[in-house]
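What follows is the residue order along each chain.
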Amino acid sequence: MTHQHSDHNADYGNLIWLAWTAVLRSRIDTWGPPPLRRMTKLFFQMNQYDIAARTANEGRVPLPPLVHVHESRAGGEVMGDELVRVTSVLVDHPPVVPAFAYRFDGPARSIAISGDTTPSVNLVKLANGADVLVHSAMYPGAIDRLVARVPNAEKLKASILARQTSAEQTGRIAQDAGVKVLVLSTLCRRTTHKLRIRCGSMQPAYTSEER
Ligand SMILES: [Zn+2]
């Protein structure tokens, strides 16, 4: 988990719970910022009735002991095995602290994900030379339409602008990091627009339509 915003953590417990109702019987390790341990404990408490019923009646292994939580407040080595090595850095996503970006190095390729962040020097270092960088991005021109229907529009707009990276800025970040492919995520929706991003050593420029 990169950070504790609802659009990034809402399915955390459900993902594990529903996997268990399907086929999961083996250990699960989770990594992320506090209060991940408390969230996990409270999620199991909230769903204790179903978990107890299924354990007793369907021959399932108890779910809570399968889940091992690793809370972190600082970047560094996350985990590693024969398939992948995972590292992280702190990024800037005020007021949410800590917020992490992760890098996954496997035998075939390397992928860095930004989480949500403003332009981050730490992220550029983390993603250095990666095959793929998945970066969160906002399209500033779409924010007015995004917030137009909410009563807290002014404050919401200021908050988004203060804690995210624009799509155009991601091109420079990808160039500085020397990544081969840049993937944009979390674009502001409710609009149709075209992006033109100059990415230096990647394609000279490309145009992408939001979907
Ligand atoms: Zn966020």
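For the structure itself, look to the data block above.
*Asks:* Would you mind showing me how to read the overall build of the chain here?
*Replies:* Across its full length, the chain carries 8 helices and 10 strands. Counting every position in the chain, which comprises 211 residues, the buried fraction comes to 24%. The long-range share in the chain, meaning contacts at least 24 apart out of those at least 6 apart in sequence, stands at 59%.

*Asks:* Looking at this model, I keep getting lost on the sheet that holds strand β3 (residues 76–80). Mind explaining?
*Replies:* By way of backbone hydrogen bonds, the strands of a sheet pair with one another, either parallel or antiparallel. Spatial strand order, β3-β4-β5-β6-β7-β8: 6 strands in an open sheet with mixed pairing. Every interior strand has two partners, whereas the edge strands, β3 and β8 (181–185), have only one. Pairwise comparison of adjacent strand axes, ignoring direction, gives a mean angle of 20° for this sheet. Summarising the sheet, strand β4 (residues 85–91) and strand β5 (residues 99–105) pair through 7 bridges and their orientation is antiparallel. Bridge assignment links Val89 to a residue of β5, and that residue is Ala101.

*Asks:* Just to check I follow, could you spell out helix α8 (residues 167–177) for this structure?
*Replies:* When we look at burial in α8, the residues that qualify are Ala167, Thr170, Gly171, Ile173 and Ala174. For α8, the buried positions fall inside an angular range of 170° around the axis, keeping them on one side. Immediately beyond the C-terminal end of α8, within one or two residues, lies Gly178, with a positive phi of roughly 70°.

*Asks:* Is there a simple way to think about unusual backbone geometry in this case?
*Replies:* Only a minority of non-glycine residues have a phi that is not negative, and only a minority of peptide bonds are not trans. Cis geometry marks the peptide bond from Pro34 to Pro35, where omega comes out at 5°. With respect to the helices and strands, Pro35 occurs in the loop between β1 (28–32) and α3 (36–46). Cis geometry is adopted by the peptide bond preceding Pro98, which originates at Val97 and carries an omega value of -5°. Examined against the element boundaries, Pro98 turns out to sit in the loop between β4 and β5.

*Asks:* I would appreciate a short explanation of the environment of Pro98 in the present structure.
*Replies:* For Pro98, a count of 18 C-beta atoms within 10 Å gives the class partly exposed. With 94 residues separating them in the primary sequence, Pro98 and Gln4 have C-alpha atoms 8.4 Å apart. Beyond its immediate sequence surroundings of up to four residues, Pro98 is in contact with Pro33, Arg73 and Leu90.

*Asks:* How do you make sense of the nonpolar core when you look at a structure like this?
*Replies:* Within soluble globular proteins, side chains that are nonpolar generally end up buried alongside one another. Grouped together as the largest cluster of nonpolar side chains are 26 residues, with contacts concentrated most on Ala101, Leu123, Ala127 and Leu133. Those elements giving two or more residues to this core turn out to be β4, β5, β6 (110–113), α5 (121–126), β7 (132–136), α6 (140–147), α8 and β8. Among the elements that take part in this core, β5 stands out by supplying 4 residues, more than any other. When residues no more than four places from it in sequence are discounted, the contact partners of Leu133 are Ala112, Ala127, Ala174, Ala177, Val179 and Leu182.

About the cut-offs
Residues numbered from 1 in each chain as written. Predicted model: local features only at pLDDT ≥ 70, side-chain atom pairs only at ≥ 80, totals over all residues. Helix = DSSP H or I, 4+ residues; strand = E, 2+ residues; numbered from the N terminus. Buried ≥ 20, exposed ≤ 12 C-beta atoms within 10 Å, placed from the backbone. Contact = placed C-beta atoms within 7 Å. Pairing = 2+ DSSP bridges. Axes fitted to C-alpha atoms, helices over the stretch in contact; angles between N-to-C directions. Arc of directions from axis to C-beta. Core = buried A, V, L, I, M, F, W, Y, C linked by C-beta atoms within 7 Å.

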